[in-house]
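# Structural characterization, general
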Amino acid sequence: MKISIGNDHAGPEYKKAIVEMLKAKGHEVTNYGTDSADSVDYPDFGHPVAIDVSEGKADFGIVICGSGNGISMSVNKHAKVRAALCWIKEIAVLARQHNDANIISIPARYTSIPQAVEMVDAFLNTEFEGGRHQTRVDKISC
Ligand SMILES: O=C(CO)[C@H](O)[C@H](O)COP(=O)(O)O
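Okay, so let's go over this structure. (Residues numbered from 1 in each chain as written. Predicted model: local features only at pLDDT ≥ 70, side-chain atom pairs only at ≥ 80, totals over all residues. Heavy atoms only, no water.)

## Some details on the packing of helix 4 (residues 89-97) against helix 5 (residues 113-124)
Basically, it comes down to this: Every axis corresponds to a line fitted to the C-alpha atoms, with the helix fit spanning only the stretch in contact, and the corresponding angles, defined between N-to-C directions, vary from 0 to 180 degrees. A run of DSSP states H or I qualifies as a helix once it reaches four residues; a run of E qualifies as a strand once it reaches two. Both are numbered from the N-terminal end. In these notes the angle categories are as follows: under 35 degrees is roughly parallel, over 145 is roughly antiparallel, 65 to 115 is roughly perpendicular, and the rest is oblique. A clockwise turn of the near helix away from the far one marks a right-handed crossing, whereas an anticlockwise turn of less than a right angle marks a left-handed crossing. Any two residues having at least one pair of non-hydrogen atoms within 4.5 Å are treated as being in contact. Gly counts as polar in this scheme, as do all residues outside two lists: the nonpolar Ala, Val, Leu, Ile, Met, Phe, Trp, Tyr, Cys and Pro, and the charged Asp, Glu, Lys and Arg.
Two elements in contact, helix 4 and helix 5, have axes whose closest approach is 8 Å; the angle formed by their N-to-C orientations is 25°. As far as their axial angle goes, helix 5 and helix 4 are roughly parallel. Taken as a pair, helix 4 and helix 5 cross one another with a handedness that is right-handed. Between helix 4 and helix 5, the contacting residues are K89, A92, V93, A95 and R96 on the first element and E118, M119, A122 and F123 on the second. Considering only residue class, the contact of helix 4 with helix 5 consists of 6 nonpolar, no polar and 3 charged.

Written as structure tokens, this is what we have:
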């Protein structure tokens, strides 16, 4: 699959581990940075990911900041984006099964790297269940 990823200064080490896992599994990854710990503004690194997902240039997106909230708020402003803030594997699975989320947002300062990698793997390998959930997802946009 095509996956776009972006993060602020809280996330480079998390991203590195996630990208290694994704490439090992044969995914095509577009990295929008940042790749350093120098302070940056999370919207600058979230919006390019959201544009890729919104325009169908990426199948899924991954965004990372300290709490996961600011970058998730940023990407959720884009049409067709449904970003889910996830902190445990079970929430990542539900974000796909029930919410058809297409971007996972990771709180780097409140989860471990192995847990983040596990969440991304679960997210990408879980199908949307449709049915009653499709009806609800259709009502999200206003
Ligand atoms: O979590 C975040 C946004 O939701 C940011 O990573 C966080 O606000 C950055 O804080 P600081 O500039 O103090 O490193």
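## Considering the sheet that holds strand 2 (residues 28-31)
Basically, it comes down to this: Note on pairing: DSSP must find at least two bridges between two strands before they are called paired.
Strand order in the open sheet formed by 5 strands is 2-1-3-5-4, and the pairing between neighbours is parallel. Unpaired on one side and paired on the other, strand 2 and strand 4 (83-85) mark the two borders of the sheet. Strand-to-strand twist of the sheet, defined as the mean angle between neighbouring strand axes without regard to direction, takes the value 20°. Docked against the sheet, helix 1 (residues 12-24) engages strand 1 (2-7), strand 2, strand 3 (60-65) and strand 5 (103-107), running at close to 170° with respect to strand 1.

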